[in-house]
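Close look at the chain arrangement
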Amino acid sequence: MYCYCKKHHILELFIRFILIQNRAGKTRLAKWYMQFDDDEKQKLIEEVHAVVTVRDAKHTNFVEFRNFKIIYRRYAGLYFCICVDVTDNNLAYLEGIHNFVEVLNEYFHNVCELDLVFNFYKVYTVVDEMFLAGEIRETSQTKVLKQLLMLQSLE
Amino acid sequence: MPAVSKGDGMRGLAVFISDIRNCKSKEAEIKRINKELANIRSKFKGDKALDGYSKKKYVCKLLFIFLLGHDIDFGHMEAVNLLSSNKYTEKQIGYLFISVLVNSNSELIRLINNAIKNDLSSRNPTFMCLALHCIANVGSREMAEAFASEIPRILVAGDTMDSVKQSAALCLLRLYKTSPDLVLMGEWTSRVVHLLNDQHMGVVTAAISLITCLSQKNPDEFKTCVSLAVSRLSRIVSSASTDLQDYTYYFVPAPWLSCKLLRLLQCYPPPEDGAVKGRLVECLETILNKAQEPPKSKKVQHSNAKNAILFEAISLIIHYDSEPNLLVRACNQLGQFLQHRETNLRYLALESMCTLASSEFSHEAVKTHIETVINALKTERDVSVRQRAADLLYAMCDRSNAKQIVAEMLSYLETADYSIREEMVLKVAILAEKYAVDYSWYVDTILNLIRIAGDYVSEEVWYRVIQIVINRDDVQGYAAKTVFEALQAPACHENMVKVGGYILGEFGNLIAGDPRSSPLVQFNLLHSKFHLCSVPTRALLLSAYIKFINLFPETKATIQEVLRCDSQIRNSDVELQQRAVEYLKLSSIASTDVLATVLEEMPPFPERESSILAKLKKKKGPGAVSVTELEDNKREGGELNGGSDRGPDTAAMASTPSPSADLLGIRSAAPIGAAPTSAGSLLVDVFSEAGPAAPSAAVNDDGFLRFVCKNNGVLFENQLLQIGIKSEYRQNLGRMYLFYGNKTSVQFASFSTTVSCPGELQSHILSMDFYFTCSLTKPVEPLVEGGAQIQQVLNIECITDFSDAPLLNIKFRYGGALQNLTLKLPVTINKFFQPTEMSSHDFFQRWKQLSQPQQEAQKIFKANHSMDTEVLKAKLLGLGMALLDNVDPNPENYVCAGVIQTKSQQVGCLLRLEPNAQAQVLHIDATALCLDKMNHCASIPPVISGAALKTCKTRHGHTSSEDKSCVGKESISQELRILQKGDKQD
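Residues numbered from 1 in each chain as written. Chains lettered and ligands numbered in written order. Predicted model: local features only at pLDDT ≥ 70, side-chain atom pairs only at ≥ 80, totals over all residues. Heavy atoms only, no water.

1. So, empty space enclosed by the protein
Where empty space is left can be seen by rolling a probe of water-molecule size over the atoms. We count it as follows: Cavity: a set of points on a 1 Å grid over the protein atoms alone where a 1.4 Å probe fits but cannot get out. Pocket: an open set with protein on both sides within 12 Å along at least five of seven lines, its lining residues, like those of a cavity, having an atom within 4 Å of a point. Grid points are joined across faces, edges and corners, and a volume is the space filled by probe spheres set on the points. Each helix is a run of H or I in the DSSP string that is no shorter than four residues. Each strand is a run of E no shorter than two, and both are numbered from the N terminus. Gly falls in the polar group here, along with every residue not listed as nonpolar (Ala, Val, Leu, Ile, Met, Phe, Trp, Tyr, Cys, Pro) or charged (Asp, Glu, Lys, Arg).
According to the stated counting rule, one finds ten cavities of 30 Å³ or more in the structure shown. As a volume, the largest cavity reaches approximately 310 Å³. Looking at the lining of the largest cavity, the elements that each hand over two or more residues are helix 1 (7–11), helix 3 (90–107) and strand 7 (135–136) of chain A together with helix 10 (162–178), helix 12 (201–217) and helix 14 (255–265) of chain B. Classifying every residue of the lining of the largest cavity gives eleven nonpolar, three polar and six charged. Around the second largest cavity, the lining comprises 18 residues; the ones closest to its centre are T125 and D128 of chain A together with Q92, L130 and H133 of chain B. Only helix 5 (120–130) and helix 6 (141–153) of chain A together with helix 5 (88–100) and helix 7 (125–138) of chain B provide two or more residues apiece to the lining of the second largest cavity. Examining the composition of the lining of the second largest cavity, we find that six residues originate from one element, helix 7 of chain B, more than from any other. Of the residues in the lining of the second largest cavity, the class split is eight nonpolar, seven polar and three charged.

Right under this line is the structure:
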């Protein structure tokens, strides 16, 4: 018994990285789920900025990127980008971004870019609650916020 | 809900960040950072022991500095110290620092692992999660070694908190990806699968990613997940929009979990259990129905979440490719999206329809949307949407609409974005060739391509048109006439001059009867372009001129004059000068007969893979990673322009074969009658008759072919030595017993053997994986007495598909002389076949699913021996596949199925052999899944066919797979067409 599936691809389905950048290209969060060296990371950050910022509202929220694709959404001056395999589900990640942004918004009480700057170490905690090992870990906003507030109360 | 204030808890950090933000210049920032680094360093080195809070603050500052892009070379130890704090905030900063600045310092790794170990056993869920997240983020081999056995226990333990389970599942997934050998599920398997039933949806969401990954590798062990996933999905899909509370997102119940469940199901064939299948079909229907319901919210989040599930469901329907009703419904739904106002949906619909177009059930339904798609190609604002539209047109193209689609693509090319022009050109060229009913249409199309987008017409494209014109005499006159007309244009692209030069040089005589295109007119027309062309084109034109002298003696004087002038005969370019000198000489000393022989019309090109398809495949590359690939492409491009720009005219000179002949797509087409020399190419090896003994220095593979279909026998024998083998294979493992017999009465001394795998050397450069490993269990005794036989065992493991066999090298001294022998060991990919029985229905369904060009290979070849049924059957069985009876409607044909077992994957293969008794020709088709490199794909049918019948001596003559009627007309025919399109779905 065996299975005729698109093995390679399904194994490859995970988030390669999550980036939050502002319009000027300053990185507000970079979360890597694949091994890259520092130079490579810098290059990726610059490339993503270049491909995403030239697009306008009439464009799709998806852009091919090397052999992957970037799913992104712009909130005010910030671009939230997720890099995944080309065969992965675009809309699921697009809403994954929005779900994440709504959690940040609730957690930081009307989040703004400065919150991410001053609390960068907390943003990592939020990410890890919702995405881990390149996969979606938890999608319930209520559950995530409850956990974050519990952690907040700890010393 | 309380908002988090700026940098609460760490005032110093907030002040520092503000300072940095207030810096007016880069210099000021660096100065401020250096001041801070000095401060932190002194604190860390100070006599006073720092309290936890200060340590946390400084480590956090260091992290901030690192994230700004500055190097940090200290503070690691302090961060590690924080790990053993019992305060959450301190621990968290410590773990964060470690995760972001992974350090391979072995001393620290030991300390870090120690701290993680403590936290994992702390029973404090918060600490356990921190530790698990750290492992998941770092995912190093060392961590896998330390924790891979511990984490499954945490995952399935009854008293583990839900949030810890979520983290443990994904942590394990990460370790499995980095070190699959260390993660042994074994006894945990069924409990992990049953996490799909967990009450907590978050646990299911996390666990399903792990299960999906594991079931890829061990589909059988995890197959119970199918029914569990179906019932979970069914419960979600049928629940009301508010039932799932926390997991309802904009009125859509658990969208992400639904998508993941649908993904998991795509790892398996349709459920065999009728009830499960019925339930699943019901789910899919419900999802399709919901798409038609009025939205419960106007928010885009609602429709996106709903459609995320819908697209995933459609992927599953396409994956099954067995429910015509669902396929057509999916197609109709996508058709609606094609006109949706959301660009995202139009894009995704085009993309998804592309895969539907390849299904037999929905191909026609897809075709009905042709006008909308053409419209999208013309009007979409986003280039990536237009690109998808072009892809879809390409996918839906067949004989019925080829002319329309090609015409639309050509007209789009005039305004197409530069970024996609080259690919568009390739696609047009392929479609024009594939669906050409009359070849004059094909020629027109390609010449139009050159006219419209000459810069983007790569060499492969114009080589191909020349190959086809040369090979089809019904189109030569038309081609000559058309190209002559095209050259009349005042400004024509250099590629047009190349095609024109070549074709007129060959077939100018076919239009020379018309005074408007008399020989001299033709020559003057070509020569009027000469001075504007680059060196390679000029070289080609010079070859055309010498051909003119042969075709039209009346042009001789004019052309000789041109060749004789200083700008040719003293040209500073060596190539041009040499051609001018040689052609001039040739035309003046050679007799007409000699000239006619040397400059004879080009023989037909052997029909091989279309070089254009190879090019398209390269452009769209397999879904691999990284920059290196991009760089490779660049380099290859460079080579094409640099080293090999001579084009077909070199061959036209009918001189010795030159390396540039490769460009014509006749790569392994050695000159007729020449012995196969390339050791690397199995293709050549197998199809040559077990030819003359190889030169002593080379690898001896005489015996190799005989073992493709059998496992035991004498591999090699000469006057001194006999080598017998006995081998057995199970799944991806094999064992070969080697028997060395000394046939003489004298002792062999210093007897030694080594086995090497080809590719070992390259593997460092190309990739890290070996195709297979071979290891001799122990060295042989150095002395072999006269008449004695010694034995040795070789263990073999197949890692991934391969085409080159391992080499056995034997050295020994016989009477003082060193004997050195290298043999190809008969380890071929088919040894790892596991036969698979299947019904006719399954067979053809799968056959159809494997319709992607890169999954197919086909070969037509002449049988040299009689095509005896029993002999053929025995050979096919020897291959290791199951020979399926009553499957093919034509009883003459043989069909087989099997799975190649490698360590990294299982590759299902189907094969069909169609003997044609009248023509004494066999037509072999094979399809395989997941062969990610084309040459591997190519290796399978040759092995098969070579084993089935050792036939086919040369590569002369041609046939086309589309046109089987001409097979066998030639005395020896052979064809191998391997198509590969580097598409997303292999």
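2. As for the nonpolar core
The criterion, for reference: For the purposes of this section, nonpolar cores are sets of buried Ala, Val, Leu, Ile, Met, Phe, Trp, Tyr and Cys residues that join through side-chain atoms within 4.5 Å. For each residue, the accessible area found with a 1.4 Å probe, counting protein chains only, is set against the maximum for its type, and the residue is called buried under 20%, exposed over 50%, and partly exposed in between. We call two residues in contact when some of their heavy atoms are within 4.5 Å.
If you look at the biggest cluster of nonpolar residues, it comprises 274 residues, and the most contacted ones within it are F131 of chain A together with I116 and L449 of chain B. Among the elements that make up this core, the one with the highest residue count is helix 16 (residues 300–320) of chain B (eleven residues). Contact partners of F131 of chain A, with chain neighbours within four places excluded, come to I15, I18, Y33, I82, G96, F100, I136 and R137 of chain A. One finds F748, F751, I796 and V907 of chain B within the second-largest nonpolar core, a separate group that totals 49 residues.

3. A closer look at the confidence of the model for chain B
Residue and element names in this part refer to chain B. Note the cut-off: Every residue is assigned a pLDDT by the predictor, reflecting its confidence on a scale from 0 to 100.
Looking at chain B as a whole, its pLDDT mean stands at 80, while 80% of the residues score no less than 70. Scored below 50 in pLDDT, residues 1–7 makes 20 contacts in the model with residues more than four places away or belonging to other chains. Overall, residues 929–986 carries pLDDT values under 50, and its contacts beyond four positions in sequence, including any with other chains, amount to 187 contacts. Predicted complex metrics record ipTM = 0.96 and pTM = 0.67.

4. Quick look at the pairing of strand 3 (residues 62–65) of chain A
Note the cut-off: Strand pairing is assigned whenever DSSP detects at least two bridges linking the two strands.
Judged from the four bridges that link them, strand 3 of chain A and strand 4 (residues 68–75) of chain A form a sheet pairing that is antiparallel. If you follow F62 of chain A over to strand 4 of chain A, its bridge partner there is I71 of chain A.

5. Observations concerning the packing of aromatic side chains
Spelled out, the test is: Any Phe, Tyr or Trp ring, taking Trp's six-membered ring, that has another such ring centre within 6.5 Å forms a pair; planes under 30 degrees apart are called stacked, those over 60 apart edge-to-face, and the others tilted.
Tallied over the full model, the rule gives 32 aromatic pairs over all chains. Seen from their ring centres, F17 of chain A and F65 of chain A are 6.4 Å apart, and the 85° between their planes marks the pair as edge-to-face. Residue F17 of chain A is located in strand 1 (residues 17–22), and its partner F65 of chain A is located in strand 3; the two are separated by 48 residues in the primary sequence. Both residues of the pair, F17 of chain A and F65 of chain A, belong to the buried class. Where F523 of chain B meets Y545 of chain B, the ring centres are 4.8 Å apart and the plane angle is 70°; that geometry is what we call edge-to-face. Here F523 of chain B is found in helix 28 (residues 519–530), whereas its partner Y545 of chain B is found in helix 29 (residues 535–551), with 22 residues between them in sequence. Here F523 of chain B and Y545 of chain B have matching classes, each one buried.

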